[in-house]
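# Breakdown of the fold
What follows is each chain in one-letter form.
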Amino acid sequence: MTDDIAAGSPVSDTSPPGDGYLGDPAVRAEWDNRYADRQQLWSGRPNGALVAEVAGLAPGRVLDVGCGEGADAVWLARGGWDVTALEVSGVALERAAGHARDAGLTVRWVHAALTEAGLPPASFDLVSAQYPALLRTPDAAAERALLTAVAPGGVLLLVHHAGMDTRQADDSDFDPADYVWPSMVAALLNDDWVVEVDEQRPRVVPDGGAGVHHTDDVVLRARRLR
């Protein structure tokens, strides 16, 4: 990866960008409203599957997809990773940047949807997507964006709540057919990749925050060979 994100991408080392959001304004508004409803939406602790899977990796350049309030990004930066953190919600990015400043850490913040961010391809030693809300499209744009971002020798780590992909659409307007799931990404892996982990396991649940009722994870970890 070059020292700077591709021209035009809204990036800041110390605070989130203002009005340079790249993506669907309706998606941004939806997530801004979710975060604004609560002073803190998530636990503030790094995701357990990320901690477990990163333990054996040498720090390098990492893309945190859907960074939320920044717990993973801050944890990775503290561990020596060069962190680029992407998020659609400006409210979440403000909180995330504040946590990084309080910790004395530098993170590149990208206020964009993954498919609109213009990230340089093959640039990250680790692409981490922890429970992402990636919208599904006929051309598999989000799935391909995840894979394209990984550098040769790098790792894609995609974690989601087990069973979500088979739920029925409900009154909350959640329809699993609208979203990308690990199996869809795994289906795109070719001979340039080796799957290191593809399993369901008990979730390490942080105390507090939304989503504590989910008890099992689906973990996909794949390494790009070339």
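Residues numbered from 1 in each chain as written. Predicted model: local features only at pLDDT ≥ 70, side-chain atom pairs only at ≥ 80, totals over all residues. Heavy atoms only, no water.

One turn of an α-helix holds 3.6 residues; hence residues three or four places apart share an orientation. Over its 12 residues, helix α1 (residues 25-36) runs 16 Å from end to end, which matches the ideal 16 Å to within 8%, given 1.5 Å per residue. For α1, the N-terminal capping position is held by Asp24, with its side-chain oxygen 2.9 Å away from the main-chain nitrogen of Ala26. (Helix = DSSP H or I, 4+ residues; strand = E, 2+ residues; numbered from the N terminus. Expected span 1.5 Å × (residues − 1). Polar contact = N/O pair within 3.5 Å; in protein donor to acceptor, adjacent residues only side chain to side chain.)

If you check the backbone angles, Ala122 has positive phi at about 55° while not being a glycine. Looking at the secondary structure, you find Ala122 in the loop between β4 (108-111) and β5 (124-130).

The next thing to look at is the pairing of strand β2 (residues 61-65). Most of β2 sits out of view: 4 of its 5 residues are buried. Here β2 pairs with strand β3 (residues 82-87) via 5 bridges, running parallel. Each bridged residue has a counterpart across the sheet, and for Leu63 the counterpart in β3 is Thr84. Viewed along the sheet, the connection from β2 through helix α3 (residues 71-78) into β3 turns out right-handed. Summarising the sheet, β2 and β5 pair through 4 bridges and their orientation is parallel. (Buried < 20%, exposed > 50% of the residue type's maximum accessible area, 1.4 Å probe, protein only. Pairing = 2+ DSSP bridges. Right-handed = clockwise from strand over helix to strand, strands pointing away.)

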